[in-house]
Structure formats: C-alpha cells, structure tokens
Amino acid sequence: MGRVGIGLALAAFAVALTLPQFAGPFWMGLVTQMLIFGLLALSVDLLLGQTGLFSLCHASFFAVAAYTTAILQVRYAVPTLLAAPAGLVAGTLLALGFGLAVRTRGVYFILITIALGYIVWGVLHRWSSFTGGDNGVTNVPFPAVGELRIGSHTEYYYFVLAVVIACALVYRVLIASPFGLSLRGIKASETRTRSLGYRTGLHLYAAFVLSGLLASLAGVLYVYYNRFVNPVSASFPISVEATLMAIIGGSGTIAGPFIGSGIILGLRNWVSSFFELYATVMGVVFIATVLWAPDGIVGLVNRLRAARARRKAL
Amino acid sequence: MTPPAIEVGALTKEFGGLRAVDGISLSVATGERRVLIGPNGAGKTTLFHCITGTLSPSAGRVALFGRDVTALAESRRTALGMGRTFQISNVFANLSLAENLVLALIGTGRRKWIMHRPVGAYPDLRRRALEGLEHVGLRQRADESVKHLSYGERRQLELALALNSNPKVLFLDEPCAGLSPGERQRISKMIGALPRDITLVMIEHDMDVALGLADRVTVLHRGRIILEGSPAEVQANPEVRDVYFGHV
C-alpha cells in the first residue's frame, strides 16, 4: 500500500466512523449491508483473486452459518456467545466437505460448486420442518453478550465495521504470508509449484476452507442485521453477485470486493427505485467492467495513475 | 557400494496407441553429469516427466538414491531431492523475481504453510533469494515483475528456481533452447560451474553445449536407448550420426 492508499484508507475510516452523524437509518442499513456483502465478496476473492479458483457456492457457507445461528437463537434460545460461533463452525464444516471440489479445475470446478450450491439451497427450501421452508427463520434478536446488548442499527453498524476492519487486517497478513505467496504461485503456474515441492491440492483445500470460514462470518453478521433468513440467501444469484462484486471492484485486492459491493448494492437501491429492469442495468455495468476495466475499479484507478505518472516523467 | 542417484527400470509411457517411452532402463551415478540427446519425438521430455513425477509411467520403476519413488507424488520427489527446469519457461509471471525465488526456497520445507506473518518478516528468505538471483546474474532486477524479463532472462530465472529448491539431482530440459549464442554460453557456463555433488541430467540439442558438459551421453531414438557412452564415443558412432543428423 502506497502513501495514497494509506491516505484513502484513513479517509474511508474517518467517513465510516462519522457516517451515523449525518446519514439516516435507511442509509445506515444500506452501508451495513455493503460491508457484510463486501466481506462475502472478499471470501470469494480469496479463491478467485489469490488462487484463480472460480467458486460459485459461497452462498452456501453464508446461508448455513446464518441459518445455524438463527435457529439456535430463535428456537433454542441459545445465547449469542454460543450461537454465533456455532454458525461459523457449521459453515466451515460445510466448507471442509465442499472443499474436496479442489480435486477438479477450471470449468469442472465451477460446475461442481454450482451443483453443491444448489443442493444446499434445495435442502433449505424443502426441509421446511427444520428450516422453515420458504418463510425461513424470523425474529432473530440483536446480538447480546450478558448485559451487553446491541440495541440499534447504528450500534450494529459499528460492530460490523469493527469486524470488517479486523478481517481486512488479518486478510492482509494472510495474503502477504508465505502461504499467501504460495497461493499466488499456484495461480500463476500450478505445474511449477508442484515441481518445487508443493502439494498444490492441499494448499488449495486450505484456502477453500479459510474462504468458507470468511463467508460464514459474513453469514452470521448478515442474520443479526437482517433479523431473518430464508432460502434466498443460499441461492445461486447470491454466489454470482458476490463474485461480480469482487470482479467489478478489483479482484486480488482487499478494497476491491468492498468497492464492488458498494457499487452493486448502491446501484440496485438507486436504480430499482425508478426502473424495473434493474438486472439489465447490472448486466450493462458488468459488461462495461469486463470491456474497459477488466481489473475492476481498483485496477482502473491504478492504470490511470500509472499513465499520469508516465506523462509527468516525459 | 552407494546406490545410483537415479535408476530407471523398464520404463514405458503410452499415450493412447503411441509408445513415447518404450522400456527404457537407465542408471545415473551420484555426481555424474548425464546428457540425453535424440531427435525430436525421441521421448526425452516424456522420460523426464516420468522420472520427476509430472507424468506417471504406464509401466516400469524409478528409484532415487536406491529408494523407489514410482508411486510418490511430484512434490514428494522434490522434497527428496529432485529439481527440474522446464523446456518451455515455467516461471511465475505475475510475481517479482525475488518472490519467485522465495517460492522455490520455501517449497520443500514447512514454511510454505505459515499464515500469520508476512514474508517480509523472514529476512533470511530475502537474503537467500537475492543470493540465488546474484548467482544467475539477475540480482539488479530482484523487485521487478517477471513480465518485464526477456526470454533469455526467463531461462536464467528458470534455472535459479530449480537450484534454489536445493536439489541433489537436477533435471534440465533444454536449458539453452531458443537462446542466442552469447546467452547459450552464459547458461552453459553457469551449469558447468554447479557444484559437482549435484547430479545433473540434461536434455540438450546443442552438441557443443552437450558434449562440453557431459560425463556420459545417452542417445534416444523412438522411445528407446540406442547408445550410451562417453561424448567421444557418441560423436564417433555412425548410427548416432545417422539418426541424429540425418543422412548426409
């Protein structure tokens, strides 16, 4: 991160801290959603941007974590301190299973993850005696630890913000670590990493599980924000949207998935208020990204800055 | 008696109906420098792939210092001391030169699993990566992206990657392919200067390079060995001239 990057991060942090002072509850809710789905997009990008694996089943981990936490809180009155970690564990256990998909590559990996995602959606949808079917699980309370209770959307926003910042910092160390470098090596040339002594399958599996853990965390944050969860959260479009967020914002970066999440959710809210064919607009945005900013917004900004630096140097 | 560094027994590799390697047996002594020559399609690279584990053979066995490694994955063979370069440069194009070398350095140890500290927290890795680059004359470019390297420089980096995985037996697949005469000399000098305790198995088309470096030469033709001998013997052999250089 250069000086400009640090400056931008600090400015974003300052805005994020003071936002509740001048934004109403609607906007605070939207920004909270952007952060949560940005985290989901970041989890997708741990695979896509670092290892090159294109996964389309991350809504599964997100939803299974959300359902687990919701069912425990609502039906069994389990306290947050147990219900939230249980959600993380459930989502991560699922990732431990689904991670076996890394035995395949390329289009086969994509197809298998799509199929796995549909299985989870189908189970949540049809097993209504346990999951509530289409209605899902409602009346999830705000998180509370003993006497400490989050009582408003603004308080919850600050909580999400803190979790997201912590995740971004941990993620930053992870991708800069020898393990993270190994993942980028596998992305560049799996044959070469193998011949240098890497069991590439094991590395990819570990990345998949970590990515599932991060998606589960997004799911738990989501269920306490949304206060209810239904099978839509496990649906294929959620996985696709998270991937698009990463690509539009800038795959392979930390800020990118959050920027993408901001753009997609912001556009959806804005456009859908006056135009029914919101999905068409998103399609156009995505095509424009692929054509003119294939490395996403972050990539575009970097390219423009490099071009300006070159002009100055001449 | 110490076992040979590499022992290949009746190795066969078939692709559909094509028998690319046809029952080859080969033994390379520890510290020896062996060059494989043969016309295009002789099965040299396929043999390499089978020995290093990139491909699994249809039949036959491979032993490394007397230990049967036929069933082991490529990464395990690397951990046991095999290193290799690729005929077509296979380096990490999206990373810097120094990062390329770090990947080679940590590949055979446990440090590739460290997740909680950045690479920068291990100064010894940086130092050893720079040493490795120095060795192939690329130290000045340590922090550049591999994208900016010329073809010849990529070959040098390719060699540096193989060397820094700390191999006991090094397999070089046409290290000089596609290089200018000046670059060839530079690379073959580098190879010649390798410590003698590294066993070297090399595929090379350039006869000057091959015969200058080799202790022994093995000639392959259509998946079989047609001759094995000293460079002088191979050069003098009329059959080799026939298959390798064609009828004159």
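Quick note: structure is the one above.
Report on the accompanying structure. (Residues numbered from 1 in each chain as written. Chains lettered and ligands numbered in written order. Predicted model: local features only at pLDDT ≥ 70, side-chain atom pairs only at ≥ 80, totals over all residues. Heavy atoms only, no water.)

Concerning the overall build of chain B
- Broken down by element type, chain B carries 9 helices and 10 strands.
- Rg of the C-alpha trace for chain B: 18 Å, near the compact-globule value of 18 Å for 248 residues, within the 12% margin.
- Each principal axis of the C-alpha distribution contributes one length, and for chain B these read about 55 × 40 × 40 Å.
- Within chain B, buried positions represent 54% of all 248 residues.
- The long-range fraction of contacts in chain B, counting pairs at least 24 apart against all pairs at least 6 apart in sequence, stands at 66%.
- On chain B, the mean spot of the 31 positive side-chain charges and the mean spot of the 26 negative ones are 6 Å from each other. (Helix = DSSP H or I, 4+ residues; strand = E, 2+ residues; numbered from the N terminus. Rg over C-alpha atoms; globule rule 2.2 N^0.38 Å. Buried < 20%, exposed > 50% of the residue type's maximum accessible area, 1.4 Å probe, protein only. Contact = heavy atoms within 4.5 Å. Lys, Arg positive; Asp, Glu negative; His and termini not counted. Charge placed at Lys NZ, Arg CZ, Asp CG, Glu CD.)

Observations concerning unusual backbone geometry
- Non-glycine residue Ala77(A) carries a positive phi angle of around 50°.
- Take Ala77(A): it is sitting in the loop between helix H3 (58-76) and helix H4 (80-98).
- With a relative accessible area of 62%, Ala77(A) lands in the exposed category.
- The backbone of Asn166(B) sits at a positive phi, close to 60°, despite the residue not being glycine.
- Position of Asn166(B) among the secondary structure elements: in the loop between helix H5 (151-164) and strand S7 (169-173).
- Owing to a relative accessible area of 63%, Asn166(B) belongs among the exposed residues under this scheme.

A word on the side chain of Asn90(B)
- Position of Asn90(B) relative to the elements: it lies in the loop between strand S6 (82-84) and helix H3 (97-106).
- Among all residues touching Asn90(B), those that are not within four sequence positions of it are Ser189(A), Thr191(A), Arg192(A), Glu158(B) and Leu161(B).

Regarding the interface of chain B and chain A
- Listed as interface residues are 33 residues of chain B and, on the opposing side, 25 residues of chain A.
- For the pair chain B and chain A, the two sides together bury roughly 2400 Å², of which 68% comes from carbon and sulfur.
- It is Phe92(B), Trp113(B) and Met115(B) in chain B that bury the most area against chain A; as a group they hold 24% of the surface buried on that side.
- The interface formed by chain B and chain A contains 11 residue pairs in polar contact (both at pLDDT 80 or more).
- At the level of elements, helix H2 (74-79), H3 and H5 of chain B are the ones that each hand at least two residues to the side of chain B that touches chain A.
- For the side of chain B that touches chain A, the element with the highest residue contribution is H3(B), accounting for 5 residues.
- Considered class by class, the residues forming the side of chain B that touches chain A number 17 nonpolar, 9 polar and 7 charged. (Buried area = accessible area lost by both parts, 1.4 Å probe. Polar contact = N/O pair within 3.5 Å; in protein donor to acceptor, adjacent residues only side chain to side chain. Nonpolar A, V, L, I, M, F, W, Y, C, P; charged D, E, K, R; others polar.)

Observations regarding the pairing of strand S10 (residues 224-229) of chain B
All names here are of chain B.
- As judged from the 5 bridges shared by strand S9 (residues 216-221) and S10, these two strands associate in the antiparallel manner. Across the sheet, the residue bridging to valine 219 is leucine 227, located in S10.
- Hairpin connection of S9 to S10: 2 residues between the antiparallel strands, including arginine 222 at a positive phi of 50°. (Pairing = 2+ DSSP bridges.)

Considering a nonpolar patch on the surface
- On the surface, a cluster of nonpolar side chains totalling about 510 Å² of accessible area is made up of Tyr76(A), Ile119(A), Val123(A), Trp127(A) and Phe130(A).
- With respect to the helices and strands, the residue Phe130(A) is situated in helix H6 (residues 128-131). (Patch = residues over 30% accessible without salt bridge, like charges linked within 9 Å, V, L, I, M, F, W, Y side chains within 5 Å. Areas by Shrake-Rupley, 256 points an atom, 1.4 Å probe, with all protein chains shown as cover. Salt bridge = Lys/Arg side-chain N within 4 Å of Asp/Glu carboxyl O.)

Focus: the side chain of Lys44(B)
Residue and element names in this part refer to chain B.
- Relative to the helices and strands, lysine 44 is located in helix H1 (residues 44-52).
- Among the polar contacts made by the side chain of lysine 44, one reaches the main-chain carbonyl oxygen of glycine 38 at a distance of 2.9 Å.
- Non-local contacts of lysine 44, meaning those with residues more than four positions away in its chain, are made with Leu36, Ile37, Gly38, Pro39, Ile203, His205 and Leu220.

Thoughts on the nonpolar core
- One finds Leu39(A) and Phe208(A) to be the most contacted residues of the largest nonpolar core, which totals 87 residues.
- By size, the runner-up hydrophobic cluster in this structure holds 56 residues, among which are Leu181(A), Ile37(B), Phe92(B) and Ala210(B). (Core = buried A, V, L, I, M, F, W, Y, C linked by side-chain atoms within 4.5 Å.)

Quick look at the packing of helix H8 (residues 178-188) of chain A against H3(B)
- Axis separation between H8(A) and H3(B) bottoms out at 10 Å; the angle between their running directions is 110°. The angle between H8(A) and H3(B) falls in the class roughly perpendicular. On H3(B), the residues touching Pro178(A), Leu181(A), Ser182(A), Arg184(A) and Gly185(A) of H8(A) are Glu99(B), Val102(B), Leu103(B) and Ile106(B).
- Class assignment for the residues of the contact of H8(A) with H3(B) results in 5 nonpolar, 2 polar and 2 charged. (Axes fitted to C-alpha atoms, helices over the stretch in contact; angles between N-to-C directions. Parallel < 35°, antiparallel > 145°, perpendicular 65-115°, else oblique.)

Considerations on the environment of Leu8(A)
- Among the structural elements, Leu8(A) can be located in helix H1 (residues 3-22).
- C-alpha of Leu8(A) to C-alpha of Leu169(A): the two residues are 161 residues apart in sequence and 15 Å apart in space.

Regarding the packing of aromatic side chains
Residues and elements named next belong to chain A.
- This model, assessed by the stated rule, comprises 16 aromatic pairs over all chains.
- An angle of 85° between the planes, with centres 5.8 Å apart, marks the rings of phenylalanine 61 and phenylalanine 208 as edge-to-face. In this pair, phenylalanine 61 sits in helix H3 while phenylalanine 208 sits in helix H10 (residues 200-226), placing the two residues 147 residues apart along the sequence.
- You can call phenylalanine 61 buried: its relative accessible area is 0%. (Phe/Tyr/Trp six-rings, centres within 6.5 Å; stacked < 30°, edge-to-face > 60°.)

Examining the packing of helix H11 (residues 236-249) of chain A against helix H12 (residues 255-271) of chain A
All names here are of chain A.
- Packing of H11 against H12 leaves a shortest axis separation of 6 Å and a crossing angle of 115°. As summarised for this structure, H11 and H12 are arranged roughly perpendicular, according to the angle between their axes. The chirality of how H11 crosses H12 is right-handed. Contacts from Glu241, Leu244, Met245, Ala246, Ile248 and Gly249 of H11 reach H12 at Gly256, Pro257, Ile259, Gly260, Ser261, Ile263, Ile264, Leu265 and Arg268.
- For the contact of H11 with H12, the per-class residue count stands at 9 nonpolar, 4 polar and 2 charged. (Left-handed = near helix turned anticlockwise from the far one by under 90°.)

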